[in-house]
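Coordinate analysis (summary)
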Amino acid sequence: YSVQIYKPNVPIICDQIVVMGSNAIDFLHHERKDHEVGTKLLEPIENHPLKLFHDYRRTSALEQGKCDADEADSDDYSFEGRSGILMVAEVENTTVPLKSFDSLITKLVQVLKDGGMHPIEMKTPDDDAAATVIPMTEGHITVRVWPDQKYCALDIHLWSSFNKMEQLRDALVKALGSDHSSLSSYRIVTGGMQGTSTWDEDHKTIGPVIEQTRSCDGADYIREGDLNSKETHDIVTEEALGLLQGDGALAAVMCGPTKEDCKSLDAVTRHKSIDEVIFIPTCPELAAASEFSENIGDIMVRCEKEILTALRATASSKGRISAFIVDPSAPVTMVKIASSIWSSQRSLFQLLAEHFIIVSLMPDHRDSWRKRHNFIDRVRKALVYDPMFAAELVISSSDETMEVGILSTEDTEFFIHLEDVAKNVERRTSGLDVVV
């Protein structure tokens, strides 16, 4: 669960935003506790439990495929990229002679062996040298010295046995006759090496340890109820329209070719907040065509012009639209037309009221309905309104799922009203599960 809290008009900083996330606490429904912290701007918590909500999201580990035990427990890292770690250490105030470079390197090689590393045989450096590389099975170490300044630079590059890095650095510093007071070091992630023998163990110790803290338990109860019944559709439509503010609203319902196909039309017509309903059937030419027809673009353009003409005529005589509902019977091509209409700033300001809602009913939770989700999201991005909210209600029985996409503007208490919608749908459908 994640939520964004938004408080406008805060002195000096203008707007204050706080984002919270949790794997256990549902911020929308969890009981709130007053910790009796003194406030100057906020009202008492009991007056606005949801009033400050601006964004809320609930994700399911099961739906996202994060509960696959085979994937989580897999030990096959053969196709992963290998990483290495480079530690740059600057050692000052050394007390061991640095001019006898051959003897110094011999001493450092022994320190590596004592630390469990595996140095590879190398050519002995000249005694008057000042730099060399010590190769190891686990990586390599570059050693550079400045005897007059009593300074030694170490580049410790490991591509395995990473857990020994700090222990190895401390042992080398001690061998140079220095200590931590004269040491500075830092680490960076670099390229690694394929085929290291300790990779299986190293993989368990590097990077953040990913643990599954999200719930992977499916529902252990049976939800009764018929999602496909007209009664359920009526209840869902009626409650969603409860987000309307005030009475006397003009609504438009986009449907299939006939009124008989349109499950939500009756519920919209009967709603107490709505005085008149515009029935928008699927254009006959569009109903007879396939979504993939060669001339589908031309047909959709003609259909969009017809719909716009009808909507503008109604808006000019009866006022602007407060609710736009997409019935499940409307084909995808009609949803695309609706998206085109409401993505136009001209249409928005000509046809829609200052406060309006858009409701899209999706009776089957499957990928083929994704374009209906895209419709709500596309309109949301095209709108220039603040405040504006978009939400999805997922209504489930034991083996079926319905989704309701909602867009609402100018409702400063949207989350309070949305919670009421969810509770009322769950109560009236007697057993269906409703999740925001």
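All figures in this text were calculated on a predicted structure; none of them were measured in a lab. (Residues numbered from 1 in each chain as written. Predicted model: local features only at pLDDT ≥ 70, side-chain atom pairs only at ≥ 80, totals over all residues. Heavy atoms only, no water.)

Some remarks on the sheet that holds strand β5 (residues 131-136)
Across the sheet, five strands lie side by side as β5-β6-β7-β4-β8; this open sheet has antiparallel pairing. What marks the edges here is a single partner per strand, and that holds for β5 and β8 (183-191). Neighbour-to-neighbour, the strand axes of the sheet open up by a mean angle of 15°, direction not taken into account. In this sheet, β8 lies alongside strand β4 (residues 83-91) in antiparallel orientation, the contact comprising nine bridges. Considered in β8, the bridge of Ile85 is made with Val189. Sheet strands touched by helix α2 (residues 101-114): β5 and β6 (139-146). Its angle to β5, the strand with the most contacts, is close to 25°. (Pairing = 2+ DSSP bridges. Helix = DSSP H or I, 4+ residues; strand = E, 2+ residues; numbered from the N terminus. Axes fitted to C-alpha atoms, helices over the stretch in contact; angles between N-to-C directions. Contact = heavy atoms within 4.5 Å.)

Quick word on the pairing of strand β13 (residues 388-396)
Every regular strand shows the same layout, with side chains that alternate between the two sheet faces. Sheet analysis places β13 next to strand β14 (residues 401-409), joined by nine bridges and oriented antiparallel. For Glu392, the partnering residue across the bridge sits in β14 and is Gly405. In textbook terms, the turn of a hairpin is the stretch between consecutive antiparallel strands, and for β13 and β14 this stretch comprises four residues. Two strands pair when backbone bridges link them, and β13 and strand β15 (residues 433-435) are joined in this way by three bridges, in the antiparallel orientation.

Comments concerning the nonpolar core
Membership of the largest hydrophobic core comes to 43 residues, with the highest contact counts inside it found for Leu393, Ile395 and Val404. Tallying contributions element by element places helix α12 (residues 414-428) first for this core, with six residues. Apart from residues no more than four positions distant in its own chain, Leu393 is found in contact with Met402, Glu403, Val404, Ile406, Leu418, Val421, Ala422, Val434, Val435 and Val436. Core analysis: the next-biggest nonpolar cluster, separate from the first, contains 37 residues, Leu250, Ala330, Val335 and Tyr385 among them. (Core = buried A, V, L, I, M, F, W, Y, C linked by side-chain atoms within 4.5 Å. Buried < 20%, exposed > 50% of the residue type's maximum accessible area, 1.4 Å probe, protein only.)

Notes on the state of the cysteines
Applying the stated criterion to the full structure yields two disulfides. In this model, Cys255 is linked to Cys262 through a disulfide, with the two sulfur atoms separated by 2.0 Å. Across the S-S bond linking Cys255 and Cys262, the dihedral sits near -50°, which makes this disulfide left-handed. We classify Cys255 as buried; its relative accessible area is 0%. Take Cys262: its relative accessible area is 5%, and that puts it in the buried class. A sulfur-sulfur separation of 2.0 Å characterises the disulfide bridge that pairs Cys283 with Cys303. A torsion of 80° about the S-S bond marks the disulfide between Cys283 and Cys303 as right-handed. (Disulfide = S-S within 2.5 Å.)

Considerations on the confidence of the model for the chain
Chain-level statistics for the chain give a pLDDT mean of 83 and a share of 86% at 70 or above. Ranking the elements of the chain by mean pLDDT puts helix α1 (residues 69-72) last, at 46, and strand β7 (residues 151-158) first, at 94. Taken as a whole, residues 69-74 scores under 50 in pLDDT and shows one contact with residues more than four places along the chain or in a different chain. (pLDDT = per-residue confidence, 0-100.)

As for the sheet that holds strand β3 (residues 53-57)
Strand order in the open sheet formed by three strands is β2-β1-β3, and the pairing between neighbours is antiparallel. Two strands close off the open sheet at either side, each with one partner strand: β2 (14-21) and β3. Pairs of neighbouring strands in the sheet enclose a mean axial angle of 10°, with direction left out of account. Where strand β1 (residues 2-10) lies against β3, four bridges are found, and the strand directions are antiparallel. Looking at β3, one finds that Val3 is bridged to Tyr56.

Looking at unusual backbone geometry
At Asn9, a position not held by glycine, the phi torsion is positive, near 60°. Relative to the assigned elements, Asn9 resides in strand β1. On the accessibility criterion, Asn9 (69% relative accessible area) is exposed.

Re the pairing of β7
Of all eight residues in β7, eight are buried; the element is thus mostly enclosed. Neither face of β7 is left uncovered, since the one carrying Tyr151, Ala153, Asp155 and His157 and the one carrying Cys152, Leu154, Ile156 and Leu158 both have all their residues buried. Pairing between β4 and β7: seven bridges, direction antiparallel. Opposite Ala89, over in β7, you have Leu154 as the bridge partner.

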